[in-house]
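Coordinates in review
Residue strings, one per chain:
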Amino acid sequence: MSHFVISGAKGGNTQGADAPNRIEINDLVKIEDQFSLYIQALNAMFSASQTDPISHFQIGGIHGLPYIQWEGAGSTHPVKGSQWGGYCTHGSVTFPTWHRPYVALYEQVLQQHALDIAKTYKVDQQRWLTAAQNLRAPYWDWATSTVPPPEVISLATVNIITPDGKTTAVANPLLQYTFHPIDKSFPSPYSHWKTTIRHPDNPNSPNATTDVQALIEDMQSVQEDITSSTYNLLTRVRTWPAFSNHTPGDGGSSSNSLEAIHDEIHGLVGGQMNDPSVAGFDPIFFLHHANVDRLLSLWSAINPGVWVTRGPAEGGTFTISANANIDANTNLTPFWDSQTGFWVSAEVTGTSKLAYSYPEFNGLDLSNTSAVQAAIANYINQQYGGGSAFTSFAAAPPASFAAQPAAGSGASDAAATPAAAPAAASVSHPFASRGGPPKPAAHEPAAQSVPNAIQDWTARIRFKKYEFGGSFAVLLFLGEVPTDAARWRTSPNFVGSHHAFVNSSAEQCANCREQVDVESEGFVHLNAAIARLSGLPSFEPGVVSPYLKENLHWRIQAADRTAVEADRLSSLEVTVSSTQLTQEPGSHFPVASDPHYHDHITHGRQGGARTAQA
C-alpha cells in the first residue's frame, strides 16, 4: 500500500528564516489573510469523513483512541507486550521528538487545505496564495499567557474574509470538534459528549458543557507557576532525561521536565484534554504541542549537541513493546518519511527538514552555535525571566517584599504585582534595607553569604502515576486552604501543582493495571510565592524553613475538580529543597548548586517526606 509521507508544508518565506515561521496564536488572529485561511482549513479537516486518514479525527486518533493502525504503520493491533494502545510516547526519552513529526503532519494537511481554498478567492488571488504558502500551525505560548485569545476559548463564531471577498461570520473550529459520529471505542463520559469539552461544568453528565469562566480563572491562577517552571526548565536543566520526560531518575534535577509542564497544561484545559486517550481531538491540542515543540527548539539552542539518549519505553506503544529500550534511532511511528521508512529522532534535531521555523531564530546564523546560544539565552531571560536571570527568584525589591502580609495574618490576601529586581543588584543581600538576614533557626545550618547568589526554594512532588486510576493533580498552598475543592486553584494561597496525565479508562489501559509502580516527578518553585505571601525578610534557610513547615500544605484533586482523600494516593511524597543559584561572570543563566533537601519540613504528615533529615 501507499503511505502518507510527512514532508512538511510547502513553499512560503519568512525574511531572515530558513523556513516560514510558526506564529503565536495571539498574533495570528490579527493577520487577516492567514487567519481566514487557517479557520477555513480547520473546518475542512473537521468536516472530512472520520474514516479519511488525514481528517482531523484520524490524525487526532493517532495519539490514543480508537487504538487502530494508521497508514499501515505496525500491525492491525498493538504489538504484543505493549501496555498502551496509542502511538504516542509518554514518560520516555522520545516524548518531545515523537510529537515533532506529529504536529508537522497536522500542519502539512492544514496547509494543503489552505492552498486549495486560496485558489477559490476571486479578488487579489495572489495575496491569498502567498498567505497559504506562508501558513504554518500556530503555537500557544502559555508560559507568556496561560489564557489564549477569545478566538480559542470563548467565541462561537469568528469573522473572516471568505473567497467572495466579504467579511463573514463562520463557526469557530478552535472552540470545539463535533464528532460525526461519536466513536464506539470511547469510554464514558466521552461516549456521551457530542463535542470536545473543556473544564466541563458537570464532568459526569452526558449534557456537560464548557465552563468558560471557570476555565479562564483556572488558567489565570497558574501563570506564575507555569512561567517560573518554563524559565527554570530552559535555564537549569542540562541533560536529556531530565529535560524530556516526567519519569524520575534523571540524576538529581530540581526543575520540571518539558513533559511535566506539558501535563499541567493538559490538566488545566480539562475535558478530553485531560485524558491521553482522547486529548488529540481537542483543537487546542495542536496549539499546545506546537509550543511544546518550540520549547524543544529553544532548549536545544541553549544546549547544542544534547539530544535523545537511550532509555526504557515505559509501557510501550502501538508499535513498541513495554520492555523495549529506545533511542535516537527508534522509529517515530506512524510518521513515514518515505514509502519505506519512518522519521527517527536523529533526523529531527532541527525544524528546517519539516519546513517551519520559530520567530526567535529569525536573523540568526544557525551555523554559529555560540551566537545562537547567546541570542536565545537573552530572549529567554527577557521573555520568561523579566530581563534579569534572577528576577524570577528575587521577585520583588525589599520595600515591596516587606509589604506582603504573612499567610494567615488576617491582612488582605490580594497579591501585589512583583516589581522587577534591578539586574545589577547584589542578590545575596536583597533584604539589606531591613538590617540584613536574621539569625538562622536552631535546626538549620547558617548559610554562607555568597556575592550574587540567592537560595531557590522548590517543592518536589512524586507519586505512582497509575495508583489513582485516572488523571489528577497535587496542588500546593502557602497558608490556609479553602474547604471547597473547586476554589483551590483560584485561592490566593495556591502556588502551583504537578499533574498526572493518565488514561481514565482502566479496562482499555493496561498501563493502569500493569505499570502500577511507574512514578512521575514534578517541581514547584516557591520563591515568588514566598515573596508574595510571607512577609519574610530573607530567603535564607533559617528564615524560610520554619515558615514552610508551618504554612506549606498540599491537596489532591481529581480531574473533575473534586477532592481526593490522601489515603487514595499512598505513594505521594512532597519534599522541599533549597538550591543556591549564583550569577557567575560570563554565564547566561544562574549556576545552580546541588539541591539540599530539608525533609523535616514535610516529614510526619501524610504525603510528606519519608525521612526527617534537615
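As the structure is a prediction and not an experimental result, all values here were calculated from the model. (Residues numbered from 1 in each chain as written. Predicted model: local features only at pLDDT ≥ 70, side-chain atom pairs only at ≥ 80, totals over all residues. Heavy atoms only, no water.)

Notes on the overall build of the protein
In plain terms, the rule: Under the scheme used here, helices are H or I runs from DSSP no shorter than 4 residues and strands are E runs no shorter than 2 residues, and both carry numbers assigned from the N terminus. When a residue's accessible area, from a 1.4 Å probe over protein chains only, is under 20% of the maximum for its type it is buried; when over 50% it is exposed; and in between it is partly exposed. The contact criterion used is simple: two residues touch if any of their non-hydrogen atoms lie within 4.5 Å.
When you go through the protein residue by residue, the secondary structure sums to 16 helices and 15 strands. When the 614 residues of the protein are sorted by exposure, 60% land in the buried category. For the protein, the proportion of contacts with a sequence separation of at least 24, taken over those separated by at least 6, is 72%.

Here's the deal with the pattern of salt bridges
The condition that has to hold: Only one rule defines a salt bridge in this text: a Lys or Arg side-chain nitrogen within 4 Å of an Asp or Glu carboxyl oxygen.
Within this structure, the stated rule accounts for 14 salt bridges. Here Arg561 and Asp218 are joined by a salt bridge, their closest N and O atoms 3.2 Å apart. In this pair, Arg561 sits in the loop between β11 (552–558) and β12 (563–564) while Asp218 sits in helix α7 (residues 212–221), placing the two residues 343 residues apart along the sequence. Classification of Asp218 by relative accessible area gives buried; the value is 4%. The residue Arg489 makes a salt bridge to Glu264 at a minimum N-O spacing of 3.3 Å.

Concerning the confidence of the model for the protein
Using the following cut-off: One number per residue, pLDDT, summarises how confident the predictor is, and it ranges from 0 to 100.
When pLDDT is averaged across the protein, the result is 87; 86% of the residues are at 70 or more. Counting interchain partners and residues more than four positions distant, the pLDDT-below-50 stretch residues 392–448 has 99 contacts.

Considering the side chain of Ser277
Definition in use: In protein, a polar contact requires one atom able to donate a hydrogen and another able to accept it; more generally it is a pair of N or O atoms within 3.5 Å, and residues adjacent in sequence count only if both atoms are side-chain atoms.
Locating Ser277 in the fold gives a position in the loop between α10 (258–269) and α11 (284–302). Here the side chain of Ser277 touches Asp275 through a polar contact of 2.8 Å, side chain to side chain.

Here's the deal with the sheet that holds strand β9 (residues 494–500)
Strand pairing in a sheet relies on backbone hydrogen bonds. The paired strands run either parallel or antiparallel. Let me state the cut-off plainly: Two strands make a pair as long as DSSP finds a minimum of two bridges between them.
With antiparallel pairing, the 4 strands of this open sheet are ordered in space as β9-β8-β11-β12. Every interior strand has two partners, whereas the edge strands, β9 and β12, have only one. Both strand β8 (residues 472–478) and β9 contribute to a ladder of 6 bridges, which runs antiparallel. Looking at the pairing, Phe472 lines up with Ala500 of β9.

A few points about the packing of helix α8 (residues 223–236) against α11
What counts here: To obtain an axis, a line is fitted to C-alpha atoms, over the contacting stretch when the element is a helix, and the angle between two such axes runs from 0 to 180 degrees between their N-to-C directions. Following the grouping adopted for this structure description, the nonpolar residues are Ala, Val, Leu, Ile, Met, Phe, Trp, Tyr, Cys and Pro, the charged ones are Asp, Glu, Lys and Arg, and the polar ones are all others, Gly among them.
Across the interface, α8 lies against α11 with an axial gap of 9 Å and an inter-helix angle of 35°. Where α8 approaches α11, its residues Thr230, Leu233 and Leu234 are matched on the opposing element by Leu295, Leu298, Trp299 and Ile302. Residues belonging to the contact of α8 with α11 are distributed by class as follows: 6 nonpolar, 1 polar and no charged.

Points about unusual backbone geometry
The omega torsion of the bond from Leu65 to Pro66 falls at 15°, within 30 degrees of zero and hence cis. Tracing the backbone through its elements, the reader meets Pro66 in the loop between α3 (56–61) and α4 (95–118). Residue Pro189 follows Ser188 across a cis peptide bond; omega there is 5°. With respect to the helices and strands, the residue Pro189 is situated in the loop between β2 (167–171) and α7. Positioned with a positive phi, His199 is a non-glycine residue whose angle comes to about 40°. Among the structural elements, His199 can be located in the loop between β2 and α7. His199 sits in the buried class, given a relative accessible area of 9%.

A short note on the pairing of strand β5 (residues 331–336)
In terms of burial, β5 is a largely internal element, 5 of the 6 residues being buried. Here β5 folds back onto strand β6 (residues 342–344), and the loop between the two strands holds 5 residues.

A closer look at the packing of α4 against helix α5 (residues 125–134)
Condition: Angles are sorted into four bins: roughly parallel if under 35 degrees, roughly antiparallel if over 145, roughly perpendicular if 65 to 115, and oblique for all others.
Contact pair α4 / α5: the axes reach a minimum separation of 9 Å and the direction vectors enclose 180°. Relative to α5, the element α4 lies roughly antiparallel. Contacts between α4 and α5 involve Gln111, Ala114, Leu115 and Ala118 from the first element and Gln125, Trp128, Leu129, Ala132 and Gln133 from the second.

Section: the nonpolar core
Stated formally: For our purposes a nonpolar core is just a set of buried Ala, Val, Leu, Ile, Met, Phe, Trp, Tyr and Cys residues, chained together by side-chain atoms within 4.5 Å.
Core analysis: the biggest nonpolar cluster contains 125 residues, and Leu37, Tyr38, Trp140, Trp142 and Phe335 have the highest contact counts within it. Setting aside anything within four residues of it in sequence, one finds Phe335 in contact with Ile6, Ile62, Trp98, Pro101, Tyr102, Leu105, Phe342 and Trp343. With 38 residues, the next largest nonpolar core counts Val524, Ile530, Leu533 and Val543 among its residues.

Some remarks on the packing of aromatic side chains
Inclusion rule: What counts as a ring pair is set by centres within 6.5 Å for rings of Phe, Tyr and Trp (its six-membered ring), and what kind of pair is set by the plane angle: stacked under 30 degrees, edge-to-face over 60, tilted for all other angles.
Across all of its chains, the model carries 31 aromatic pairs by this definition. With a centroid separation of 5.6 Å and an interplanar angle of 80°, the aromatic rings of Phe179 and Phe281 are classed as edge-to-face. Linking Phe179 in the loop between β2 and α7 with Phe281 in the loop between α10 and α11, this pair joins segments that are 102 residues apart in sequence. Just as Phe179 is buried, Phe281 falls in that class too. Each ring, one from Phe463 and one from Phe472, has its centre 4.8 Å from the other, and the planes form 55°; the classification is tilted. Take Phe463 and Phe472: they sit in the same class, and that class is buried.

Brief notes about the environment of Gln583
Assignment of secondary structure puts Gln583 in the loop between β13 (573–582) and β14 (591–592). Look at Gln583 and you get partly exposed, because its relative accessible area is 23%. Note: C-alpha distance between Gln583 and Ile454 (129 residues apart in sequence) is 8.9 Å. Only 3.1 Å separates the side chain of Gln583 from the backbone oxygen of Ser587, close enough to count as a polar contact.

Observations regarding helix α16 (residues 541–551)
Counting buried positions over the 11 residues of α16 gives 8, a clear majority of the element. Considered for burial, the residues of α16 that qualify are Pro541, Gly542, Val543, Val544, Ser545, Tyr547, Leu548 and Asn551. In this fold, the buried residues of α16 make contact with β7 (453–464), β8, α15 (527–533), β11 and β13.

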